[in-house]
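# Coordinates in review
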Amino acid sequence: MELFISQLINGLNTGSIYALVAIGYTMVYGIIKLINFAHGEIMMFGAYFAYLFAFSLSFQLPFLVVIVLSMFFAAILGILIERVAYKKLRKAPRISALITAIGMSLFLQHLAQLIFGATPYVMKPLVDTTPITILNFDISRLTLLTIGLSILFMILLTLFVYKTKPGKAMRAVSQDKEAAILMGINVDNIISLTFAIGSALGALGGIFYAMTYSQIYPTMGVLPGLKAFIAAVFGGIGSIGGAMIGGYLIGIIETMTKAYISSKWVDVIVFGLLIVILLFKPSGILGKNRKEKV
Amino acid sequence: MMKAKVKTIKEFLLDPRFVNYTLIASIFIVMFTLIQFQLVNRYIYNLLVMVLIMIVMSTSLNIATGFLGELVLGHAGFMGIGAYTAAIIGIALRPYIGADLLLFVVSAIGAMTLAGIAGLLVGTPALRLRGDYLGIMTLGFGEIVRNLITNLSSITNGAQGLAGIPRIMTFPIAFWTTVLIVSVIFLFMNSRHGRAILSIREDEIASESVGINITRYKLIAFVLASMFAGIGGAMFAFKEGFLAPVSFNFLKSVEIFVIVVLGGMGSLSGSIVSSIVLVFLPEYLRDFKEYRYLLYSSILVITMLYRPKGLMGTKEFNFTQFKASVSRVVTRLKTRFRKGRDH
């Protein structure tokens, strides 16, 4: 039982990271129907930004400032990627946009390798890691912070999307782009905003991922990116709530597999799960089933 | 009543079929002589065989991605299945079969069958899915294959890699296997079935309404692609003599995919040309080692932005058309030259 609960907490930790990254996938997909393969790389760049702000300045920035600054720069990177690579292809066949996304992902990986080198950077946890005891369980402060901050940002995002005017515009664009234009919504700006928010949350996920595994390297975004994508599909791609639920479920399934079956089979089980979901419920838990029209 | 058509010698010489046969035969003869007289060193020789393997991989992926229009991101998975099957069969049968060609044929048939079965198993449920979901699913499949190869170490020797595979992939065997496969794909794509597959790419609903069994043809294309990928894997195994799961990761799938996209989705000659370019180009870019993949990925993005159908589009290289366009250019130059002289 104790093992189970401590694994559950670990699962929530990984799950929060996946949920944060999955939100980016799901928001972009909801609005321009593109699987943004470069999202895992934004996550990686977010981690590098955090490293630079935390360790390369002559003075020590507070943790929250480091996080906010890296999220800001990741958001700019996200907007840049959209403007350079995806904007021209909005009316192109989906396969071309997808190929561009794969190309962009490879480009960013090798750009990072060129700038930072292939040797991993060691990321020290930027916060105190001494465990706190809650109900006889020792929980690392980092884990608490990861789970807490992720949930905070998810609440903020939900409030933004459902309670503010830009949020409303975002939902409108994802429902019907033409009608949104007629209502006087600047679709280009809304798409940029979506990329910015998604990238910022992805970067946050990347920072926590780097602190949990204490390493940053150019290809670190690939596997968590794919798993976050699976989480987004699991929850129903296009639905923000679904991405959060999916992220936590994938995180918990992964840690439970590691604890009770074998760490060798984690990837097989997670990818197998993806195939099973796609076969039996391609719309995911919360997604809507869309019929394709002529 | 059939009447034998009498051709003049000129007609006979310009017949596209004759041109193709001569072209293939002369390429082979030239390459073979170069190799026989050892004018080609070991390094270039290996690259040549690698080009042939990539041609098999890219033309086979072209069936599914180019002609059928479905995104397949796990082609390296089928290649891996083929490679390991062929390697295991090859190691087991080496003491009994002396002839290299026979050993290759037997192992390649095994590789083709197993990869085809895998294609059938993945394809049957997967082809109900829409484009990008299918891509993700094949991506998941590729990752599962790689993980299985790594984990089932009693059969595949796991992450350490499988060594001791007979290195029987000589240039002639590779060349004629490639010619055979590309011809089969070409003939298939120009048959009634091939046209049915093309019509599915153009408009699924319209082709369904003229009575094309969409699921069946999608499955045929998908299984054919995976079978030929299996053969490509077998060629790879016998060329390298050593296999490791890393060789069949997502990046490999992307590499094959990039070749298809650049050459033109739906153009076999495009795939062949871009296989040659993309195998040789990185070797000559070794000096820019760090920039190599940066260039590679930028080319991919830029091609999609400015030539979304790939360099060749869906066109095939055609000798008669080529000749016509050359003579067009020549006449244009001539007239310009004359105009310039008149002034």
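Our structure's up above, just so we're on the same page.
These notes cover the structure that comes with them. (Residues numbered from 1 in each chain as written. Chains lettered and ligands numbered in written order. Predicted model: local features only at pLDDT ≥ 70, side-chain atom pairs only at ≥ 80, totals over all residues. Heavy atoms only, no water.)

Our next topic: the pattern of salt bridges. Opposite charge on two side chains makes pairing possible when the charged atoms of those side chains draw close. Residues and elements named next belong to chain A. Following the criterion strictly, the structure yields 13 salt bridges over all chains and no others. Between Asp267 and Lys227 there is a salt bridge, and its shortest N-O distance comes to 2.9 Å. Residue Asp267 is found in helix H11 (residues 266-280), and its partner Lys227 is found in helix H9 (residues 222-235); the two are separated by 40 residues along the sequence. Across the pair, Lys227 and Asp267 agree in class, each one buried. Ionic pairing is found between Lys258 and Glu254, a salt bridge with its closest N-O pair at 3.8 Å. Placement of both Lys258 and Glu254 in helix H10 (residues 240-260) is noted, with a separation of 4 residues, approximately one turn of the helix. Among the residues examined, Glu254 registers a relative accessible area of 4% and is labelled buried. Here the residues in one salt-bridge network are Glu82, Arg83, Lys87, Arg90 and Asp188, joined through shared partners. (Salt bridge = Lys/Arg side-chain N within 4 Å of Asp/Glu carboxyl O. Helix = DSSP H or I, 4+ residues; strand = E, 2+ residues; numbered from the N terminus. Buried < 20%, exposed > 50% of the residue type's maximum accessible area, 1.4 Å probe, protein only.)

A word on a positive patch on the surface. Residue and element names in this part refer to chain A. Judged by side-chain charge, Lys163, Lys165, Lys168 and Arg171 come together as a positively charged surface patch. Here the element with the most residues in the positive patch is helix H6 (residues 165-175); it accounts for 3 residues. Structurally, the position occupied by Lys165 is in helix H6. The exposed category is assigned to Lys165, whose relative accessible area is 73%. (Patch = residues over 30% accessible without salt bridge, like charges linked within 9 Å, V, L, I, M, F, W, Y side chains within 5 Å. Areas by Shrake-Rupley, 256 points an atom, 1.4 Å probe, with all protein chains shown as cover. Lys, Arg positive; Asp, Glu negative; His and termini not counted. Charge placed at Lys NZ, Arg CZ, Asp CG, Glu CD.)

Counted under the stated rule, the structure contains 2 cavities of 30 Å³ or more. Every element with two or more residues in the lining of the largest cavity is listed here: helix H4 (94-116) of chain A together with helix H12 (250-263) and helix H14 (289-306) of chain B. Take the lining of the largest cavity: its biggest share by element is 3 residues, from H12 of chain B. Counted by class, the lining of the largest cavity contains 5 nonpolar, 1 polar and 1 charged residues. In this structure, the second largest cavity occupies an estimated 30 Å³ of space. As for the second largest cavity, its lining consists of Leu226, Phe229, Ile230, Phe271 and Leu274 of chain A together with Ile136, Leu139 and Gly140 of chain B. Elements represented by at least two residues in the lining of the second largest cavity include exactly H9 and H11 of chain A together with helix H6 (131-151) of chain B. (1 Å grid on protein atoms, 1.4 Å probe; cavity = no way out; pocket = protein on both sides within 12 Å on 5 of 7 lines; lining within 4 Å. Points joined across faces, edges and corners; volume = space filled by probe spheres on them. Nonpolar A, V, L, I, M, F, W, Y, C, P; charged D, E, K, R; others polar.)

This part covers H10 of chain A. The terminal C-alpha atoms of H10 of chain A, which comprises 21 residues, lie 30 Å apart, in line with the 30 Å expected from a rise of 1.5 Å per residue. You can read the cap of H10 of chain A off the contacts: a side-chain oxygen lies 2.9 Å from the backbone nitrogen of Gly242 of chain A, and it is on Ser239 of chain A. (Expected span 1.5 Å × (residues − 1). Polar contact = N/O pair within 3.5 Å; in protein donor to acceptor, adjacent residues only side chain to side chain.)

Before going further, it helps to spend a moment on the interface of chain A and chain B. Across the boundary between the two partners, chain A contributes 39 residues, which contact 40 residues of chain B. Here chain A meets chain B over a buried area of about 3,700 Å², counting both sides, of which 79% is carbon and sulfur. One can count 0 salt bridges joining chain A with chain B. Where chain A meets chain B, there are 3 residue pairs in polar contact (both at pLDDT 80 or more). Sorting the residues of the side of chain A that touches chain B by element identifies helix H3 (63-86), H4, H9 and H11 of chain A as the ones contributing at least two each. Take the side of chain A that touches chain B: its biggest share by element is 14 residues, from H4 of chain A. Considered class by class, the residues forming the side of chain A that touches chain B number 28 nonpolar, 5 polar and 6 charged. (Contact = heavy atoms within 4.5 Å. Buried area = accessible area lost by both parts, 1.4 Å probe.)

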